[in-house]
Amino acid sequence: EEGKSESQTIAEARMANIYAKQTSTSPLTPSDPKTLRELYETSYTLGPVFLDSSMTHNFLGQVSPACIRFLQQEARKGLNYLHAKTYDKPFQLLFMTEARFYSKARYDGYLRIPIKDISFKNTHGLWGRDRNDMGDYESVSRGLIRVLNRALGDRVSDIQLLSTGNGSASEYSSLDPSKLGVRDSDEIPATAVSPRSETQPKALSAPNGKDTLVLGISINSDTCFRMVDRGPPADDHEATHGFLQLWGEKKAELRRFKDGAIVHAVVWDDAHDSNQDDESYVRFQNDDKVQGGIVERIVRHILGLHFVRKNKPVTASFAMRDILSTVDGVMLDDNKEVVTFNPLVAHRMVMRAFDDLSSFLRLESLPSIQAPGSDTKRSRLGIPLTIDAVEPLDPALRYTELFPPIPHPFLGGSSLPGIHKASGVVCSNPIQIQLRFGSSSKWPIDLKAMGSAKTAMLLQLADGIESLRTAGLAKGFEGPFTVTPDYIDLCYKGYVFRVLVRADPQLKLLRELSKPSEEASNLLKTLTKKHVVSAKHHSMVHAVYTSHPSSSMVVRLVRRWMAAHLFSGLIPFEAIELMVCHVYTGSDSPFNTPATVISGLQRFFDLLTNHDWEGEPIIVDPQSNLDDTSRREILKEFASVRGPEYNRG
């Protein structure tokens, strides 16, 4: 109350005095809280509390605990936007960017649960006790969120019920507002309090008239891959009983850990964790890595154990998950003869072959053989310079190739028994890599001579590998070598690698020309893009994938989408990668970083739809290396290139 302290307001509150008198004269139990405040703090579990000065009205009585937690998270994010230096437009991000609390792009996974499948008969005491106070629908809603939060733990950051409004503005346009209680898309539907026999249906139903419950789940990408849920100590019988009650005695098994402890634990390493899976549910080989598969399996297990009627299949699964069939293989039962190829495994096989080739080239380029009639040593490859680094440039070496190559059996590739269907290709474009040599004064100082020296280096490299192969010292090289003035194509362990030569002295000489000709300027731009920009781009995209495994699958999905709409030749592949990197690392989004392929794809479409492509650049800075000065320079350069009225393209 205004002008009074908290303790004074409580002391004079009418309801507090009534409660204190009731408790002192005729308490219901000997352990009744002594004051009304203590009662709310220790015994009130229906939701948050914000009382008026008389302590008779709770302003947050209709707000669920999950909603309050969500508001707290959003408030913390708002404070970060205001104080962090990486957000150059906090006002626009907080107040001008559309980010509805129940936006379809906010959550990583969406579950649709049929209401008719839910039963109050197998709650196991974990939910449903507030049924008489809250009603059937609210009891189920809060029970779902409470039990799932307990089971998922830190694997998720938020779970919200999305079945009660707050959707898009047109979602209810064709419905009758008088029947649903919906006047606005942000208004929670409500029904009038009436005798059960007159208006309330006998069966469980949602107030918005829908026959399903929709849950939105935000996944914590740092912890969602945890395979083991370890139970409490064995001597804590009450906690152990609660653990077994939550997971079920069939799933929670006694296990011995490395520290010597023998406790109940739940392990999520088997292919089918629930015997109530419906036949239409399809698992993909990389669900756990890119689609929150462990989270989805836990949710399905909990639903089947505590919510869905007995002997009913669990039909709930993450929405749009079947779209992964365009870029991932299906996980089949062990007794099936057909084995689908794993695209991530295909990428790893390419990278393993590249690592072996890189090690071979660097090792064999070291001076190790005494030259005849000289005190100097030469390399086994016969090239005059030492290879300092072998750098990857190809999408197949950063997990973003739409159809990753598989080793060709005629080019030294190992056979793949049992593979009848593959989400990869045997014949593909050559895998581009580049050689960087150590600093040396042997390079010529003439530009044309440098170009000829690079070609001669490629010829010597081909001759050296051929000599070692003839001597049986170069295993894995099969097929012919194709040498051109710019590159050499060689076959190694079933793959065709296109090897380029990066000559840093050539780039340095071109940059230092005082009056470069048009030909020299164009050559500098071409070489910089081919060797320098491509290497930096590859390193950045690969680093983003390392931090966000689902990002590479999003790139591959976007490429399929582009091809389906005949845009493949219009938007460069590198531009797609940069946009996806911005989706996962950009600081100008009100949403959390995507943790699944579907949420990443939705955010990409959101960026493609809503970004001001005409008047604002996309600044991709995954490591947050750019300061305010650098960002202002980028914006200034963008304005200069586009022109005052964007008339320069």
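Scroll up to find the structure.
Described below are features of the structure shown in this document.

## With respect to the overall build of the protein chain
Across its full length, the protein chain holds 19 helices and 15 strands. Residues counted as buried form 42% of the 649 residues belonging to the protein chain. Considering only contacts in the protein chain between residues 6 or more positions apart, those separated by 24 or more positions represent 67%. Carbon and sulfur atoms make up 53% of the accessible area of the protein chain, which amounts to about 35,700 Å² in all.

## Some thoughts on the sheet that holds strand 10 (residues 387-392)
Strand order in the open sheet formed by five strands is 10-12-15-14-13, with mixed pairing between adjacent strands. Single-partner strands in this sheet number two, and they are strand 10 and strand 13 (482-483). In terms of strand pairing, strand 13 meets strand 14 (residues 487-492) through two bridges, oriented antiparallel. Within strand 14, the position partnered with V483 by the bridge is I488. Contacts from helix 13 (residues 447-470) reach strand 12 (431-437), strand 13, strand 14 and strand 15 (495-502) within the one sheet, and its direction differs from that of strand 14 by about 20 degrees.

## Here's the deal with helix 14 (residues 504-511)
Buried residues of helix 14: Q506, L507 and L510, and no others. Buried residues in helix 14, looked at end-on, bunch into an arc of 100 degrees, giving them a common side. Contacts from the buried residues of helix 14 go to helix 13, strand 15 and helix 15 (518-547).

## Notes on unusual backbone geometry
The phi dihedral of H124 falls on the positive side, at around 55 degrees, and the residue is not glycine. By the secondary structure assignment, H124 is in the loop between strand 1 (109-114) and helix 6 (131-134). The residue K493 is not glycine, and still its phi comes out positive at about 50 degrees. Structurally, K493 can be placed in the loop between strand 14 and strand 15. Using a relative accessible area of 31% as the deciding quantity, one classes K493 as partly exposed.

## A closer look at the sheet that holds strand 1
Strand order in the open sheet formed by three strands is 1-3-2, and the pairing between neighbours is antiparallel. In the strand order of this sheet, the two ends are held by strand 1 and strand 2 (156-161), each with one partner. When the angles between neighbouring strand axes are averaged without regard to direction, this sheet yields 20 degrees. Two strands pair when backbone bridges link them, and strand 1 and strand 3 (residues 212-219) are joined in this way by six bridges, in the antiparallel orientation. Looking across to strand 3, one finds that L111 is bridged to L215.

## Brief notes about the pairing of strand 5 (residues 253-256)
In this sheet, strand 6 (residues 262-267) lies alongside strand 5 in antiparallel orientation, the contact comprising four bridges. Considered in strand 6, the bridge of R255 is made with V263. Counted between consecutive antiparallel strands, the loop separating strand 5 from strand 6 contains five residues, among which G260 sits at a positive phi close to 95 degrees.

## Here's the deal with a nonpolar patch on the surface
Together, F91, F95 and M96 give the surface a local cluster of nonpolar side chains, amounting to about 410 Å² of exposed area. You can see M96 is positioned in helix 5 (residues 90-96).

## Remarks on the pairing of strand 6
Counted residue by residue, strand 6 has five buried out of six residues, so it is predominantly covered. Note: strand 4 (residues 228-230) against strand 6, three bridges, orientation antiparallel. Bridge pairing in strand 6 places V228 opposite V267.

## Here's the deal with the packing of helix 7 (residues 136-152) against helix 9 (residues 237-247)
Two elements in contact, helix 7 and helix 9, have axes whose closest approach is 11 Å; the angle formed by their N-to-C orientations is 110 degrees. With respect to helix 9, the element helix 7 is oriented roughly perpendicular. In the packing of helix 7 onto helix 9, the handedness of the crossing is left-handed. Across from V147, R150 and A151 in helix 7, the residues of helix 9 making contact are G242, F243, L246 and W247.

## Overview of the packing of aromatic side chains
If you walk through the whole model with that rule in mind, you get 14 aromatic pairs. Between W127 and F307, the ring centres sit 4.7 Å apart and the planes meet at 15 degrees, which makes this aromatic pair stacked. Taken together, the positions of W127 in the loop between strand 1 and helix 6 and F307 in the loop between helix 11 (293-306) and strand 7 (339-340) put the pair 180 residues apart, joining distant regions of the chain. Across this residue pair, the class does not change: W127 and F307 are buried. Their ring planes at 70 degrees and their centres at 6.4 Å tell us that Y495 and F497 sit as a pair that is edge-to-face. Both residues of the pair, Y495 and F497, count as buried. Here the aromatic residues W561, F567, F604 and F605 are joined through ring pairs into a cluster of three or more. The positively charged end of R230 is found above the aromatic ring belonging to F257, 4.4 Å away from the centroid.

## What to know about helix 4 (residues 65-83)
Given a rise of 1.5 Å per residue, 19 residues ought to cover 27 Å, and the 27 Å separating the end C-alpha atoms of helix 4 matches this to within 8%. Within helix 4, burial applies to A66, F70, Q73, E74, K77, G78 and Y81. The arc enclosing the buried residues of helix 4, seen along the axis, measures out at 140 degrees, which places them on a common side. Opposite its buried face, helix 4 presents the exposed residues L82 and H83, each directed more than 90 degrees away.

About the thresholds
- Residues numbered from 1 in each chain as written.
- Predicted model: local features only at pLDDT ≥ 70, side-chain atom pairs only at ≥ 80, totals over all residues.
- Heavy atoms only, no water.
- Helix = DSSP H or I, 4+ residues; strand = E, 2+ residues; numbered from the N terminus.
- Buried < 20%, exposed > 50% of the residue type's maximum accessible area, 1.4 Å probe, protein only.
- Contact = heavy atoms within 4.5 Å.
- Areas by Shrake-Rupley, 256 points an atom, 1.4 Å probe, with all protein chains shown as cover.
- Pairing = 2+ DSSP bridges.
- Axes fitted to C-alpha atoms, helices over the stretch in contact; angles between N-to-C directions.
- Arc of directions from axis to C-beta.
- Patch = residues over 30% accessible without salt bridge, like charges linked within 9 Å, V, L, I, M, F, W, Y side chains within 5 Å.
- Salt bridge = Lys/Arg side-chain N within 4 Å of Asp/Glu carboxyl O.
- Parallel < 35°, antiparallel > 145°, perpendicular 65-115°, else oblique.
- Left-handed = near helix turned anticlockwise from the far one by under 90°.
- Phe/Tyr/Trp six-rings, centres within 6.5 Å; stacked < 30°, edge-to-face > 60°.
- Lys NZ or Arg CZ within 6 Å of the ring centre and 35° of its normal.
- Expected span 1.5 Å × (residues − 1).

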